[in-house]
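Residues per chain, in single letters:
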Amino acid sequence: MTQFTPPKGPAVAPDTAARSGCGGRGPVSLRMPEGDDRLRKVCDDCGFVYYENPKVIVGAVCTWDDADGEPLFLMIRRGIEPQLGYWGLPSGYMELHETSHAGAAREVWEEARARVETDHLLAIYNLPEISQVHLIYRARMMTSHHGAGPESIETALFRWDEIPWDELAYPNVAWALESWRKVRGQDGFAPMTGPV
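For the structure given in this document, a descriptive report is provided here. Predicted, not measured: the structure shown is a model, and the values here were computed from it.

1. Things to note about the pairing of strand β10 (residues 132-141)
Consideration 1: Most of β10 is tucked away: eight of the 10 residues are buried.
Consideration 2: Across nine bridges, strand β5 (residues 55-65) lies against β10 in parallel orientation. Residue pairing in the sheet places K55 in a bridge with Q132 of β10.
Consideration 3: Sheet topology places strand β9 (residues 116-127) next to β10; nine bridges connect them, and they run antiparallel. Residue pairing in the sheet places L127 in a bridge with Q132 of β10.
Consideration 4: Counting the residues between successive antiparallel strands, the hairpin from β9 to β10 contains four residues, one of them, S131, with a positive phi of roughly 55 degrees.

2. Remarks on the environment of T155
Consideration 1: Along the polypeptide, T155 turns up in strand β11 (residues 152-158).
Consideration 2: Taking relative accessible area as the criterion, T155 reaches 12% and is therefore assigned buried.
Consideration 3: Sequence separation between T155 and E111 is 44 residues, and the spatial gap between their C-alpha atoms is 8.5 Å.
Consideration 4: Not counting the four nearest positions on each side in its chain, T155 is found in contact with L74, M75, I76, W87, E111, A112, H146, G147 and A148.
Consideration 5: A distance of 2.6 Å separates polar atoms of two side chains, one belonging to T155 and the other to H146.
Consideration 6: Reaching out from T155, the side chain makes a polar contact with the backbone nitrogen of G147 at a distance of 3.4 Å.

What counts, and at which threshold
Every chain's residues receive numbers from 1 upward, in the order its sequence appears when written. Only residues with pLDDT of 70 or above have their local features reported here, since the model is predicted, and side-chain atom pairs are shown and tallied only from 80 upward, although totals for entire chains, interfaces and linings are computed over all residues. Hydrogen atoms and water are omitted, and side-chain values are computed over all heavy atoms in the structure. Burial here depends on accessible area, computed with a 1.4 Å probe over protein chains only, as a share of the maximum for the residue type. Under 20% is buried, over 50% is exposed, and the range in between is partly exposed. Elements are defined by DSSP. Helices are runs of H or I of four residues or more, strands are runs of E of two residues or more, and each kind is numbered from the N terminus. By the convention used here, strands pair only if DSSP detects at least 2 bridges between them. We call two residues in contact whenever any of their non-hydrogen atoms come within 4.5 Å of each other. Throughout this description, a polar contact denotes any pair of N or O atoms lying within 3.5 Å of each other; where both atoms belong to protein, one of them has to be capable of donating a hydrogen while the other can accept it, and for residues adjacent in sequence the pair is counted only when both atoms sit in side chains.

Structure below.
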């Protein structure tokens, strides 16, 4: 289980940017490097290959139990494009030097100002058409506190029948919620891999 604790001061990551042999100053062309099977951006001066890789998105289906023990689902109304004003789950790009668990908990804090403990990996969504891989965790809120972060207009805890299904930002929001419902109360399940 991982929980996110906001940093107390500015954090500075070491400079890990890939450097070409010429310091990245040479002209770049698109060509197939020797031994490769696809076109890549290659420095014409030193031969450095600029690999472009898919982005990893991390997030969580976060719940808090009401007085009757029924789950309430934490959702955020997006405050940025794309899909400004639509509802989603706290999620975003994984950062360098963090685990996917920690990234999911961080995204919940950044977008919904909630502290959570992540447990099982709920779903893995491969979206090659947009070059993304989504890792969605199941998470329990440590308190019922939540609030809009800098990229959110508002946050809310919804009962299942109150979720604004017609106002969801992306299809994978519904997939993740349905996946949560399918494995409710279970441990040791395999992550879901697409629409439920």
